[in-house]
Amino acid sequence: MENITFGLTSEEAAKRLMEYGPNRLTAKKQKTLVRRFFEQLNNALIYILLAAAVISGLAGEVSDAVIIVAVVLVNALVGVLQESKAEKSLEALQKMSAPKTLVRRDGIPLEIPSEDVVPGDLVLLEAGRVIPCDLTITEAANLMVEESALTGESVPVEKSAGIDDASVVENVSPADQPGMCFMGTIVTYGRGEGTALRTGMETEIGRIAKMLEQEQELATPLQSKLSRFGRTLGIAILILCGLMFGVSLLQNWIKTGSLGREILFEFFLISISLAVAAIPEGLPAIVTIVLALGVQRMSRENAIVRKLPAVETLGSVTVICSDKTGTLTQNRMTVVRMYAGGAASDVEDFSTKGEGENLLAACLVLCNDAHYSLDSATGEENETGDPTETALLKAGAQFGLYKEDIEKTNPRVDELPFDSGRKRMTTVHERQGERTAYTKGATDSVLEVCTHIFNGEGIGPLTDELRAEIESAAEKMSGEALRVLAAAYKPLGSGGAQTASLESGMVFLGLTGMMDPPRLEVKDSIARCRESGITTVMITGDHKHTAFAIARELDIAQSLDQSLSGREIDGLTDEELVEKTETVRVFARVSPEHKVRIVKAFKAAGNIVSMTGDGVNDAPSLKAADIGVAMGITGTDVAKGASDMVLTDDNFNSIVTAVEAGRNIYNNIKKAITFLLSCNAGEIIAIFTAIVIGWAPPLRPIHILWVNLITDTLPALALGMEPPDPAVMSARPRDPRESLFAGGTGVHIIGNGIAIGVLTLFAYRLGLRLQDGSLMYARTIAFVVLSLSQLFHAFNMRHFKKSLFTSGLFKNPYLFGALLIGAALQVAVVTIPPLAALFKVFPLTLSDWGLAAAIAVVPVALNELAKIIIRMISPAR
């Protein structure tokens, strides 16, 4: 049984609870720690490394296999520790549900757990209650509901009975449904009743939860490139090893005319040496660690990165889709304009010295149900009540009028509360036996009860001409996207007046215009984005004209034609919406589904999209974006859980700082990758050339592993900690489709690889001559030259155009430290007997070390010469 006044019977409620299930959100299954660990291993380069480890172990090179496996495990552990992939969005959504709800069952009010609410329940609403489900309002008395977490708008909305039903609400934004209340929103004023329409996952918040589950995690540009590179490298290694194995067999057949089992095994080991040389073993770990170091640096700049690969995505961002309320604006209503005595002025310039102006300020403070106080010692503000009314109290405080103080001498003795029919409220106050009525409300509703006006010369009749002037002033404020309220008063004398006649024959005092003002620092940040080739787009649940007014003030949009409403979006196909992204900069009155469509449209147009937001309604679009940015202070747990990055200061400027950091981090990662690949190219050239010529391999597999994992790793990490480039934001965003080897990087890798490879072979042949053909000595010299040349080569990577001496030899202390530590470790390997035995190296004299260092420094001289030529052809910035 369901009755609009009686409610459900207990039996019917129990039956529906079985039918519809508990009124809660179902949680998505979390990934296990084991699954996260193996996801870190799901990488082509890792597969190649593991294959090399297995083959090395089978071939008897156990030490090589152990080292490779250790590197893979360290890489996976770093990834798991640094990146939390747990999805907390649904858990946060569950926390938003009201723990207790007041319903009427069997005709009796009853408080029950919110998860026991079922469709058809009669829910009782009162100030302070969290709404437990989506419901249609059946009764409302001055009912105001705060929906900012769902719609993004800070001003409570008025709710009325009998407007919406289930057939109307399906394709309409929550902000446009005055006859509906939604799960997770809060009653701020008045009372009401409503019939539960949807519960659990069928509610508006439930739909958002489903959208969060459906969004797939996409690889970042760098992840995609490294994955493609890994696959290409794997194929190339197989081809190269097979080719070298074949060449070796052919050479031996020509020399000896036979292929013994031992010969096959030896050549197989040589092929393994080449595979080890070709694989940049430290690359996955280096990229992960550099990203992690970047994250730590960004946390000091008020940006907490939740998902590690998102750091480099920031450097590619071309569009920032920003929520308006709380992100571009302050999320607090503020009086900005005043109109009194026939003149309008900014609130800062408004003076209460005139009697009419003072009465206007007093009316704003006294005809008010909110509370506001300011601690003069600490500057801490305390406010409760409707945001519009607290804004009026703050304006009064600017004029030196505080409600608590003024009410001591002007206590409230009577009132007519606000209701949607009159669109105004009136309070009566008594001072020294004399009573005065104060009224505030919508301009037209206040003007209709006024017969006089307080102008600069005192009280006079409110003529049609003066009414027209007031209406014109109100329209002008509305055109500036201000919320306009009018104020009036009426002296009642010592006897007072009947309540029914309070709102008649009143004296008009003036107008106030208020808005949620833009953050002061945002305009400069948006201008900086524009200079960097990044487009800022506003997405909001607010009205189109209001949104455009803010966008125009922030230089996001210049024409109303650059705005699009949710209803207009509904009339567009996905392809048409993609076309609109070329010109539209403001999307207004949008739903969570609209936001996701907008983000996807910008992505379809070839953009890398960042979405910022703080409300529940922003969560799906935060997840759909390439990088979602949530606000740390005003942001809901849902938004934070769906985001890639959280701003601890809720400052739009921090987004720009994060983008700059992302660009620098990507550049540093590219320097590290280029360094590692050029070093590996040198090793490949040295080994492959020696085999083709018919020489014995100049290096053992363990030598190459040592260089790749120890000698190369420290400089690569140091390059990842390069100081920020101050000119990085003067460039346009990096094309995410750009190859890792674009911009001359491929030439740089090959050129330096040839130099390092040739010098290693030169040292090897020189060693054979100096020690009468001693293979161990020759390999030791080649090993040392390869190691030292790569340590010196790291300094070439600091800048691709600037000279090492211009960019600063000591500006990156980590790189200089890596050189000293790497050289010390190399000396230790050669001179400490147990290590020397493991690596099968020959003890070197001081003159041998000097010779090796002299050969190893040649790549630095070659790069300096190349940079001179590059600067002549293409001058540096």
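As for the overall build of the chain
Piece 1. A tally of helices and strands in the chain yields 34 helices and 26 strands.
Piece 2. Of all 877 residues assigned to the chain, the portion counted as buried reaches 55%.
Piece 3. Contacts spanning at least 24 positions in sequence make up 71% of the contacts within the chain whose residues lie at least 6 apart.
Piece 4. Approximately 36,600 Å² of the chain is accessible, and the part contributed by carbon and sulfur atoms is 58%.

As for the packing of aromatic side chains
Piece 1. Under the counting rule described, the total for this entry stands at seven aromatic pairs.
Piece 2. Ring geometry for W695 versus Y764: centroids 6.3 Å apart, planes at 40°, classification tilted. With W695 in the loop between α25 (652–693) and α26 (701–711) and Y764 in helix α28 (residues 745–770), this residue pair connects regions lying 69 residues apart in the sequence.
Piece 3. According to the relative accessible area criterion, W695 is partly exposed, its value standing at 24%.
Piece 4. Centre to centre, the rings of F783 and F839 are 6.2 Å apart; their planes meet at 15°, and the pair counts as stacked. A residue pair is termed long-range when its members are at least 10 positions apart, and F783 in helix α29 (residues 775–796) and F839 in helix α32 (residues 833–839) qualify at 56 residues.
Piece 5. One aromatic cluster is present, formed by W706, F783 and F839 through successive ring pairs.
Piece 6. Taking NZ or CZ as reference, R765 lies 4.3 Å from the ring centre of W695, over its face.

Here we look at the pattern of salt bridges
Piece 1. Summed over all chains, the structure comprises 26 salt bridges.
Piece 2. The shortest N-O distance in the salt bridge between R528 and E660 comes to 2.7 Å. Separated by 132 residues along the polypeptide, R528 in helix α18 (residues 522–531) and E660 in helix α25 bring together distant segments of the chain.
Piece 3. Salt bridges linked by common partners bring R332, E381, E383 and K394 together as one network.

Here's the deal with the sheet that holds strand β24 (residues 609–613)
Piece 1. Strands sit in the order β8-β26-β25-β24-β9-β21-β23-β22 across an open sheet of eight strands; the sheet is mixed. Of all strands in the sheet, those bounded by a partner on one side alone are β8 (303–305) and β22 (563–565). Between one strand and the next, the sheet's axes are offset by a mean angle of 20°, whatever the strand orientation.
Piece 2. In the packing of helix α19 (residues 544–553) onto the sheet, the strands contacted are β21 (535–539), β22 and β23 (586–588), and the crossing angle to β23 comes to about 150°.

Comments concerning a negative patch on the surface
Piece 1. On the surface, E575, E576, E579 and E582 cluster together into a patch of negative charge.
Piece 2. Following the sequence through the fold, E582 ends up in the loop between α21 (574–580) and β23.

Some details on the pairing of strand β12 (residues 371–374)
Piece 1. Pairing of β12 with strand β13 (residues 381–384) involves four bridges; the strand directions are antiparallel. Its bridge partner lying in β13, Y372 is registered against E383.
Piece 2. Linking β12 to β13, which pair antiparallel, is a turn of six residues; within it G379 sits at a positive phi near 80°.

Observations regarding the side chain of T427
Piece 1. With respect to the element layout, T427 can be found in strand β15 (residues 424–431).
Piece 2. A polar side-chain atom of T427 sits 2.9 Å from a polar atom in the side chain of H429.
Piece 3. Sequence-distant contacts of T427, defined by excluding residues within four places in its chain, comprise L366, C367, R412, D414, E415, T436, A437 and Y438.

Some details on a nonpolar patch on the surface
Piece 1. Judged by side-chain polarity, L865, I868, I869, M872 and I873 come together as a nonpolar surface patch covering roughly 550 Å² of accessible area.
Piece 2. By the element assignment, I873 lies in helix α34 (residues 858–873).
Piece 3. A relative accessible area of 69% means that I873 is categorised as exposed.

Considerations on unusual backbone geometry
Negative phi characterises most residues that are not glycine, and trans characterises most peptide bonds.
Piece 1. The backbone phi angle of K423 is positive, close to 60°, even though this residue is not glycine.
Piece 2. Here K423 shows up in the loop between β14 (412–419) and β15.
Piece 3. The class for K423 is partly exposed, based on a relative accessible area of 44%.
Piece 4. Unusually for a residue other than glycine, Q432 sits at a positive phi of about 50°.
Piece 5. Looking at where Q432 falls in the secondary structure, it is placed in the loop between β15 and β16 (434–441).
Piece 6. Classification of Q432 by relative accessible area gives exposed; the value is 74%.

Digging into the confidence of the model for the chain
Piece 1. The share of residues in the chain with pLDDT of 70 or more is 86%, and the mean pLDDT across the chain is 83.
Piece 2. Confidence over residues 165–169 falls short of pLDDT 50; this stretch has six contacts with residues more than four positions distant or in other chains.

A closer look at the side chain of R422
Piece 1. Positionally, R422 belongs in the loop between β14 and β15.
Piece 2. For R422, the side chain forms a polar contact with the main-chain oxygen of P417, separated by 2.7 Å.
Piece 3. When residues no more than four places from it in sequence are discounted, the contact partners of R422 are L416, P417, S445 and E503.

Concerning the packing of α25 against α28
Piece 1. Close contact between α25 and α28 brings their axes to 7 Å; oriented N to C, the two are set at 45°. Relative to α28, α25 is oriented oblique. Like other packed secondary-structure pairs, α25 and α28 cross with a definite hand, here right-handed. Contacts between α25 and α28 involve K670, T674, L677, S678, C679, A681, G682, I685, A686, T689 and A690 from the first element and T745, H748, I749, N752, G753, I754, I756, G757, T760 and L761 from the second.

Quick look at α25
Piece 1. The terminal C-alpha atoms of α25 lie 61 Å apart, and with 42 residues this matches the ideal 62 Å at 1.5 Å per residue to within 8%.
Piece 2. The buried fraction of α25 amounts to 33 of the 42 residues, a majority that puts the element mostly inside the structure.
Piece 3. One or two steps after α25, the chain reaches G694, where phi turns positive at roughly 105°.

Parameters at a glance
- Residues numbered from 1 in each chain as written.
- Predicted model: local features only at pLDDT ≥ 70, side-chain atom pairs only at ≥ 80, totals over all residues.
- Heavy atoms only, no water.
- Helix = DSSP H or I, 4+ residues; strand = E, 2+ residues; numbered from the N terminus.
- Buried < 20%, exposed > 50% of the residue type's maximum accessible area, 1.4 Å probe, protein only.
- Contact = heavy atoms within 4.5 Å.
- Areas by Shrake-Rupley, 256 points an atom, 1.4 Å probe, with all protein chains shown as cover.
- Phe/Tyr/Trp six-rings, centres within 6.5 Å; stacked < 30°, edge-to-face > 60°.
- Lys NZ or Arg CZ within 6 Å of the ring centre and 35° of its normal.
- Salt bridge = Lys/Arg side-chain N within 4 Å of Asp/Glu carboxyl O.
- Pairing = 2+ DSSP bridges.
- Axes fitted to C-alpha atoms, helices over the stretch in contact; angles between N-to-C directions.
- Patch = residues over 30% accessible without salt bridge, like charges linked within 9 Å, V, L, I, M, F, W, Y side chains within 5 Å.
- Lys, Arg positive; Asp, Glu negative; His and termini not counted.
- Charge placed at Lys NZ, Arg CZ, Asp CG, Glu CD.
- Polar contact = N/O pair within 3.5 Å; in protein donor to acceptor, adjacent residues only side chain to side chain.
- pLDDT = per-residue confidence, 0-100.
- Parallel < 35°, antiparallel > 145°, perpendicular 65-115°, else oblique.
- Left-handed = near helix turned anticlockwise from the far one by under 90°.
- Expected span 1.5 Å × (residues − 1).

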